[in-house]
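Residues per chain are reported as follows:
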Amino acid sequence: MNTDVFRKHYRTPDAAHAAANHHTWLTGLDSGLSFPTLLRHRDTTLEFEHISGPTAEPADLPVIARALGQLHHAARRHGMIHADINQPFPLNGSGTLAGFAPPRRERLHAALSTTRSPLSGELVDAWLDAATHFPGALYKDANPRNVILSDSRGPVLVDFDTLTLAPAGYDLAKLVVTTAMTFGPLTRQHAVNALHAYTTSLGLGQNACPFGHIQVWAEFHHLLTSPWLGCHYTHDWATVRPWPTDEIASAARTPTNTPRS
Ligand SMILES: Nc1ncnc2c1ncn2[C@@H]1O[C@H](COP(=O)(O)OP(=O)(O)OP(=O)(O)O)[C@@H](O)[C@H]1O
Ligand SMILES: [Mg+2]
């Protein structure tokens, strides 16, 4: 049988190797989710099975949110439940995942000097540090282009370049922000419904990942994603954000301690 190929070229062999390791680890989690098969790895090129179907749209948010929760549930069963998310996490002999705060702190502070945000540098640092106390999960870039809705397989997650630890909810916030930046305003109810689907499949109570956390993490993504406005995205989060900024200021004031499991 012929399999159509999706070929991806990386800048360095190390980057290709890291993406291949991420794919191997994710597919070994027995999450029940669908990923493209990695057919071939040569130097700076990975060849994946080509997945047919459209990429995600706003109506798909609950399905994707459920899938992301399912992925974290499996990762937590495979040791992430005990991880300190601001420390590296070993991947069964195939490299490590970076912690949440270290690769982001400097970029967030740099972005604060160019992008208007309801967050201050002090709040960014407080939330990065407090993340250690939040339920641990993964961050795999959750923009809507990275989910293909296959007729036969449901949501298929593609793009294995970035994988780090992150607090539960961080990837969902990315999905909400980048979906709005791609398609225009979402309602608050879109985000509430998505969070419900996410926490249910993750197996966490609503208190472990409150809506206020999604609002704060959304501002992290606003800072980190703004450089791609005009390239992948046509709507500025500042103009499509479904809630007022004073609500974020209040949500961000105290990073709530939530149970880690
Ligand atoms: N295996 C695959 N089969 C079909 N399409 C794919 C596959 N992998 C990725 N794609 C599509 O190609 C796009 C680009 O691939 P990928 O996400 O890996 O690269 P990228 O550098 O992150 O680019 P982008 O930012 O445009 O998503 C994806 O957004 C997805 O829509
Ligand atoms: Mg991508």
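Preceding this section is the structure that the text describes.
Residues numbered from 1 in each chain as written. Chains lettered and ligands numbered in written order. Predicted model: local features only at pLDDT ≥ 70, side-chain atom pairs only at ≥ 80, totals over all residues. Heavy atoms only, no water.

Draft legend 1. Expanded view of the coordination of the magnesium ion (ligand 2). For the magnesium ion (ligand 2), the full set of protein donor atoms is N146 (OD1) and D159 (OD), and the range of their distances to it is 2.2 to 2.3 Å. Residue N146 is located in the loop between β6 (136-140) and β7 (147-150), and its partner D159 is located in the loop between β8 (154-157) and β9 (163-167); the two are separated by 13 residues in the primary sequence. By relative accessible area, N146 is classed as buried at 7%. (Donors = N, O, S within 2.8 Å, 3.2 Å for Na, K, Ca; no water. Helix = DSSP H or I, 4+ residues; strand = E, 2+ residues; numbered from the N terminus. Buried < 20%, exposed > 50% of the residue type's maximum accessible area, 1.4 Å probe, protein only.)

Draft legend 2. Highlighting the nonpolar core. Residues W25 and F220 are the most contacted members of the largest nonpolar core, which totals 83 residues. Beyond its immediate sequence surroundings of up to four residues, W25 is in contact with A75, M80, F89, L91, N92, L97, L138 and L163. (Core = buried A, V, L, I, M, F, W, Y, C linked by side-chain atoms within 4.5 Å. Contact = heavy atoms within 4.5 Å.)

Draft legend 3. Highlighting the site of ligand 1. Close contacts around ligand 1 come from 14 residues, with K8, E49, I51, R145 and D159 the closest. In the model, an oxygen atom of ligand 1 is placed 2.9 Å from a nitrogen or oxygen of the N146 side chain. In this structure, H232 approaches ligand 1 through a side-chain N or O atom, which is 3.2 Å from an oxygen atom. Its free accessible area being 580 Å², ligand 1 has 73% of it covered by the protein chains. (Near = heavy atom within 4 Å. Polar contact = N/O pair within 3.5 Å; in protein donor to acceptor, adjacent residues only side chain to side chain. Areas by Shrake-Rupley, 256 points an atom, 1.4 Å probe, with all protein chains shown as cover.)

Draft legend 4. Region of interest: the pairing of β9. Most of β9 is tucked away, with five of its five residues classed as buried. Taking every second residue as pointing to the same face, both faces of β9 are buried, with L163, L165 and P167 on one and T164 and A166 on the other. Judged from the five bridges that link them, β6 and β9 form a sheet pairing that is antiparallel. Residue pairing in the sheet places K140 in a bridge with L163 of β9. (Pairing = 2+ DSSP bridges.)

Function cannot be inferred from these measures alone, as they are strictly geometric.
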